[in-house]
Amino acid sequence: MKPILLFLSLLSFHFSFGQHYFGVKVAPGLQTTTYDSGIEYSSTFSMRSGLHYGYRFNEAKPWGIQSGVYYNQRGYRINDLTFQHSAGVFKSGDYISKRNNIGLNVLLKVERSFLYASAGPCFEFTVTETGIKDYEIESLTDIKWSYSPDNFSEAFYFGYELNLGTQFSITEKLQFFTELSMNQVFGEKSESFENRIGYFNMNLAFGINYHF
């Protein structure tokens, strides 16, 4: 018991000299799928946003940890498909898939002056998925449907996140940052292919950190 108490005391002492911060960011970007099915997928607009908590171990050491909860759009677009519009009637159009995911990341962050880089694993869970048949003929009404995944393996994704950014102090406690973010997640393994169904996002993020 004493070794555990000693370790916790040393850890508490070490963290008391660090710097804590809380932040929010918004990250518009592009996203598509990495599912290799022989179909050509196109990128679509996405939005990634969330809240995070960070800890820098102390002023002399340029590294720390950051973890956050965020909302992320995943999906893809397939162009020039032929759909059965009604009995015996076929029309051309595009198919759009959108997933609304809630995620968690755990990042190691390294800072040098006003530059920083962070990387680590991320985990996501799909709340809803939407499919859209976007007909090329404007007079036709697009078809849209939404549903929630009914099993854990279909809804759960794991992956990684890489960020490179700059940060500037606004006041003594407020800090503005902007970063280029790349994140990719992988879901359940396809029955027909060896690879896992996945999604890839590229985002440009903007946000504010509050240090306390």
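Residues numbered from 1 in each chain as written. Predicted model: local features only at pLDDT ≥ 70, side-chain atom pairs only at ≥ 80, totals over all residues. Heavy atoms only, no water.

(A) Focus on the confidence of the model for the chain. Chain-level statistics for the chain give a pLDDT mean of 85 and a share of 88% at 70 or above. Within the chain, the element-level pLDDT minimum falls on helix H1 (residues 2-15), averaging 46, and the maximum on strand S7 (residues 156-169), averaging 95. Considering only residues more than four positions removed or in separate chains, one finds that residues 4-15, a stretch of pLDDT under 50, has 7 contacts. (pLDDT = per-residue confidence, 0-100. Helix = DSSP H or I, 4+ residues; strand = E, 2+ residues; numbered from the N terminus. Contact = heavy atoms within 4.5 Å.)

(B) Examining the nonpolar core more closely. Counting residues in each nonpolar core, the largest one holds 13 residues, and the members touching the most others are Tyr41, Tyr76, Val185 and Tyr199. Those elements giving two or more residues to this core turn out to be strand S3 (61-86) and strand S5 (115-135). Among the elements that take part in this core, S3 stands out by supplying 4 residues, more than any other. Leaving out residues up to four positions away in the same chain, Tyr76 has contacts with Gln31, Thr32, Thr33, Tyr41, Ser42, Thr44, Tyr95, Ile96, Ser97 and Tyr199. (Core = buried A, V, L, I, M, F, W, Y, C linked by side-chain atoms within 4.5 Å. Buried < 20%, exposed > 50% of the residue type's maximum accessible area, 1.4 Å probe, protein only.)

(C) Layout of unusual backbone geometry. Of note in this structure, Asp80 is not a glycine but carries a positive phi near 60°. On the secondary structure map, Asp80 appears in strand S3. Note on Asp80: relative accessible area 61%, which makes it exposed. Positive phi, close to 55°, is recorded for Ser113, a residue that is not glycine. With respect to the element layout, Ser113 can be found in the loop between strand S4 (89-112) and S5. Ser113 sits in the exposed class, given a relative accessible area of 70%.

(D) Quick peek at the environment of Asn163. Its place among the elements puts Asn163 in strand S7. The sequence separation of Asn163 and Leu180 amounts to 17 residues, and the corresponding C-alpha distance is 5.7 Å. Apart from the residues within four sequence positions on either side, Asn163 is in contact with Leu107, Tyr116, Ala117, Ser118, Glu179, Leu180, Ser181 and Met182. A polar contact of 2.9 Å, which involves the side chain of Asn163, links it to the side chain of Glu161. (Polar contact = N/O pair within 3.5 Å; in protein donor to acceptor, adjacent residues only side chain to side chain.)

(E) Here's a closer look at the packing of aromatic side chains. Considering all chains together, one arrives at 12 aromatic pairs under this definition. A centroid spacing of 6.3 Å and a plane angle of 50° characterise the contact between Tyr76 and Tyr95, whose relative ring orientation is tilted. Of the two residues, Tyr76 is situated in strand S3 and Tyr95 in strand S4; the sequence distance between them amounts to 19 residues. You can call Tyr76 buried: its relative accessible area is 15%. For Tyr95, a relative accessible area of 17% corresponds to the buried category. Relative to Phe186, the ring of Phe158 has its centre 6.3 Å away and its plane inclined at 45°; by these criteria the two rings are tilted. With a gap of 28 residues between them, Phe158 in strand S7 and Phe186 in strand S8 (residues 174-189) connect regions that are remote in the sequence. Classification of Phe158 as partly exposed rests on a relative accessible area of 36%. With a relative accessible area of 25%, Phe186 lands in the partly exposed category. Through pairs of rings, three or more aromatic residues link up here, namely Tyr41, Tyr76, Tyr95 and Trp145. In this structure, Arg48 packs its charged tip against the face of Tyr70, placed 3.9 Å from the ring centre. (Phe/Tyr/Trp six-rings, centres within 6.5 Å; stacked < 30°, edge-to-face > 60°. Lys NZ or Arg CZ within 6 Å of the ring centre and 35° of its normal.)

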